[in-house]
Each structure stands twice: as structure tokens, then as C-alpha cells.
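# Structural features, examined
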Amino acid sequence: MKVTSPREWLQVWSARYGGYDEKEYADLIVKHESFSAEDFERIGKWKDDVTKESQWKPNVASVADLVLKQAAQELPKCPEEDDVATFLDGWSGRTYTDVFPNKSVEKRFGLSRATALLHFISGGRYPIFDSRVRTAVARLLNSQDLPNTVSSYVQSFLPLFKELAGSCGCDTMDGLRTLDKALFSYGALESSIFSN
């Protein structure tokens, strides 16, 4: 890996983004102030990269559709900056139960999905915080992954994300999405590349 400027890093890694459906993302993000109940299901499908209807039902490993049905009923709005931690604590801690013939398994909605929900209802102002992003940050800082906690998101990741956006010259809404995609790509890369 050669040393590049922040702007070059942003361009290279955002161009490598092979993530989720960007057309669906764009359709949803413009509606952030007036989401319908149906849009919350679309957010969940986007986050879980659902491409077939058979992937979107209770008991499918990656789907938290029962909590998203709650969001569809409640129609949450973007919290004030001081209330972001409370919002994320509340949503990430919500549980749902997958029921199988011989057992029931209680699961949490989780921080990754809660930050995706926050991302969409904020119109992209707040970044998504998933395992790929935490890995990317660890690589950039040559450190351990950030803990998967609300306090880590609010106290460490948000200030760092703003600093990265400033360094990369991408502090517009489109620029923030470009940084999201770059972090996703950089964190998804096989770790063996970094050890060579």
C-alpha cells in the first residue's frame, strides 16, 4: 500500500464500492423527512441486501423485520444531536424472537441496523457503523477495531468521521455518502493484503 493523499484515498476506495443497491439508496434518502411505513421496510431490505422476497421474512438469519415493523408503526424522526445516543440505545436494544419448530431464539436489532435507521432518517447526516466500517477505522488508525457500542459511535466514531470528511474535502451530503462507501470498501478488503 502506498501513501496517498486523503482525497486520493477517498476516490480509490469509494470507486471500489460493491455494496448495496445505490438506486434504492438514492430513492430512499431523498424521502428522509417524509418516510411512509413501507419505506422503513425498504430500509431494512436495503441494509440486509435483500434481492429476493424469500430473503425477507421472520427467521431468516439476517433479517430483523419485526423491529422494522415497529419502526413502520412509530415512524421515527431524526433525533436532535444531544439525543442521538438515546435514540441508538433504544433502537439497538430492541429485541425480536425467531420461532422455530423446536426452539425460540431472541435476537437484538443491533447497533449496525440502528445506525442505518439513523442514517436514513437523518438524510445521510449520520454515518452507518458496521463491522466493515470499524475494520476500516482500525486500519486507518493502525489500531484495534472500535468497540461496537453506542458510546464508541457517539464519542469516537462521529468526531473521527467528521475529521475524515474534512481531510478528504467531502463534507457535503454527497461527499459524506462517498466517505461511507470508501470506508465500507476499505473495511471489506481481505486483511492479508495489509500484512504483506
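Residues numbered from 1 in each chain as written. Predicted model: local features only at pLDDT ≥ 70, side-chain atom pairs only at ≥ 80, totals over all residues. Heavy atoms only, no water.

Counting its secondary structure elements, the chain contains 10 helices and two strands. Secondary structure elements of the chain, listed N to C terminal, follow the sequence α-α-α-α-α-β-β-α-α-α-α-α. Its C-alpha atoms give the chain a radius of gyration of 17 Å, within 12% of the compact-globule value 16 Å for 196 residues. Judged by the C-alpha coordinates and their principal axes, the chain covers about 55 × 40 × 30 Å. Counting across all 196 residues of the chain, residues that qualify as buried make up 46%. Long-range pairs, those at least 24 residues apart, make up 62% of the contacts in the chain with a sequence separation of at least 6. Of the roughly 10,500 Å² of accessible surface on the chain, 49% is carried by carbon and sulfur atoms. Considering the chain, the positive charge centre built from 24 side chains and the negative charge centre built from 28 side chains are found 5 Å apart. (Helix = DSSP H or I, 4+ residues; strand = E, 2+ residues; numbered from the N terminus. Rg over C-alpha atoms; globule rule 2.2 N^0.38 Å. Buried < 20%, exposed > 50% of the residue type's maximum accessible area, 1.4 Å probe, protein only. Contact = heavy atoms within 4.5 Å. Areas by Shrake-Rupley, 256 points an atom, 1.4 Å probe, with all protein chains shown as cover. Lys, Arg positive; Asp, Glu negative; His and termini not counted. Charge placed at Lys NZ, Arg CZ, Asp CG, Glu CD.)

Let us look at the confidence of the model for the chain. Per-residue confidence for the chain gives a mean pLDDT of 88, with 90% of residues at or over 70. By mean pLDDT, the top-scoring element of the chain is helix H5 (residues 84-92) (97), and the lowest-scoring one is helix H10 (residues 192-195) (47). (pLDDT = per-residue confidence, 0-100.)

Okay, the pattern of salt bridges next. In the structure shown here, the tally under the stated rule is 12 salt bridges. Glu24 serves as the salt-bridge partner of Arg42, at 2.8 Å between the closest nitrogen and oxygen. Taken together, the residues span a long stretch of sequence, with Arg42 in helix H3 (residues 37-47) and Glu24 in helix H2 (residues 22-29) at a distance of 18 residues. On the accessibility criterion, Arg42 (19% relative accessible area) is buried. Here Asp39 makes a salt bridge to Arg42, at a shortest N to O gap of 3.1 Å. Linking Asp39 with Arg42, this pair stays in helix H3, spanning three residues, or about one helical turn. Residue Asp39 is classed as buried on the basis of its relative accessible area of 0%. Where salt bridges share partners, they join Glu24, Lys31, Asp39 and Arg42 into one cluster. (Salt bridge = Lys/Arg side-chain N within 4 Å of Asp/Glu carboxyl O.)

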